[in-house]
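Given next are the chains, with one letter for each unit.
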Protein chains: 2
Amino acid sequence: MKFAITITLKKDVLDPQGKVVKQTLQGMGMNSLQNVRQGKYFEIEINEKDEFKANNIVKEMCDKLLANLIIEDYKINKI
Amino acid sequence: MKFAITITLKKDVLDPQGKVVKQTLQGMGMNSLQNVRQGKYFEIEINEKDEFKANNIVKEMCDKLLANLIIEDYKINKI
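So, here is what we can say about the structure in this document. As the structure is a computational prediction, the values presented were derived from the model and not from experiment.

On to the interface of chain A and chain B, then. At the interface, 29 residues of chain A touch 29 residues of chain B. Each partner contributes to the roughly 2800 Å² buried at the junction of chain A and chain B, and carbon and sulfur atoms together form 68% of this total. For the interface between chain A and chain B, the tally reads 10 residue pairs in polar contact (both at pLDDT 80 or more). Those elements that provide at least two residues to the side of chain A that touches chain B are strand 1 (2-9), helix 1 (16-27), strand 2 (33-46) and helix 2 (51-66) of chain A. Ranked by the residues each element gives to the side of chain A that touches chain B, the list is headed by strand 2 of chain A, at 14 residues. Class assignment of the residues belonging to the side of chain A that touches chain B gives a composition of 14 nonpolar, 9 polar and 6 charged. Pairing analysis gives 13 bridges linking strand 2 of chain A to strand 2 (residues 33-46) of chain B, with the strands arranged antiparallel. Counted as the bridge partner of Lys40(A) is Lys40(B) from strand 2 of chain B.

As structure tokens, then:
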């Protein structure tokens with residue numbers, strides 16, 4: 001079973017990387033650009049046929065290693 | 001208009017970062033884990049009401065800056 005995980009910074013957390021990307025794109029002439037936020041992305045394959053169990057395993061991975069819950073949120077989608 | 005961009009390594013490209021994450025998770029006792037691939041994620045806001053035009057602007061951003069098309073693929077989703 002395969003899952004996509006997107007990890008994003010919480011709304012009020014500064015995103016210097018995203019800011020640099022935004023400035024670069026604007027410098028390239030993309031004038032309609034309003035905002036860029038950068039996040040992280042993982043595709044994870046689990047050897048578990050029960051979707052509920054697999055989802056819980058992926059949640060545990062996010063909580064314990066992949067995401068920093070103080071400043072980040074995560075979303076898990078089955079793919 | 002807001003878009004989510006996920007950039008992933010092409011299938012045959014090695015992913016050392018993903019490998020390290022995989023080994024770490026396995027070392028933490030996640031035995032059902034089969035594979036991890038790491039990618040990049042951006043949320044981009046465009047000041048453009050026409051969805052087709054906005055989508056084309058985001059595509060141009062991916063082609064010119066965000067993705068390395070030799071080794072990466074990208075997906076754009078309106079959010």
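Read on for the rest.
In this structure, Leu66(A) sits in helix 2. Once the C-alpha coordinates of Leu66(A) and Phe42(A) are considered, the two residues, 24 residues apart in sequence, prove to be 8.9 Å apart. Once you skip the residues sitting within four places of it in the chain, Leu66(A) turns out to touch Ile5(A), Ile7(A), Lys40(A), Phe42(A), Ile44(A), Met61(A), Glu72(A) and Val21(B).

Reading the values: the criteria
- Residues numbered from 1 in each chain as written.
- Chains lettered and ligands numbered in written order.
- Predicted model: local features only at pLDDT ≥ 70, side-chain atom pairs only at ≥ 80, totals over all residues.
- Heavy atoms only, no water.
- Contact = heavy atoms within 4.5 Å.
- Buried area = accessible area lost by both parts, 1.4 Å probe.
- Polar contact = N/O pair within 3.5 Å; in protein donor to acceptor, adjacent residues only side chain to side chain.
- Helix = DSSP H or I, 4+ residues; strand = E, 2+ residues; numbered from the N terminus.
- Nonpolar A, V, L, I, M, F, W, Y, C, P; charged D, E, K, R; others polar.
- Pairing = 2+ DSSP bridges.

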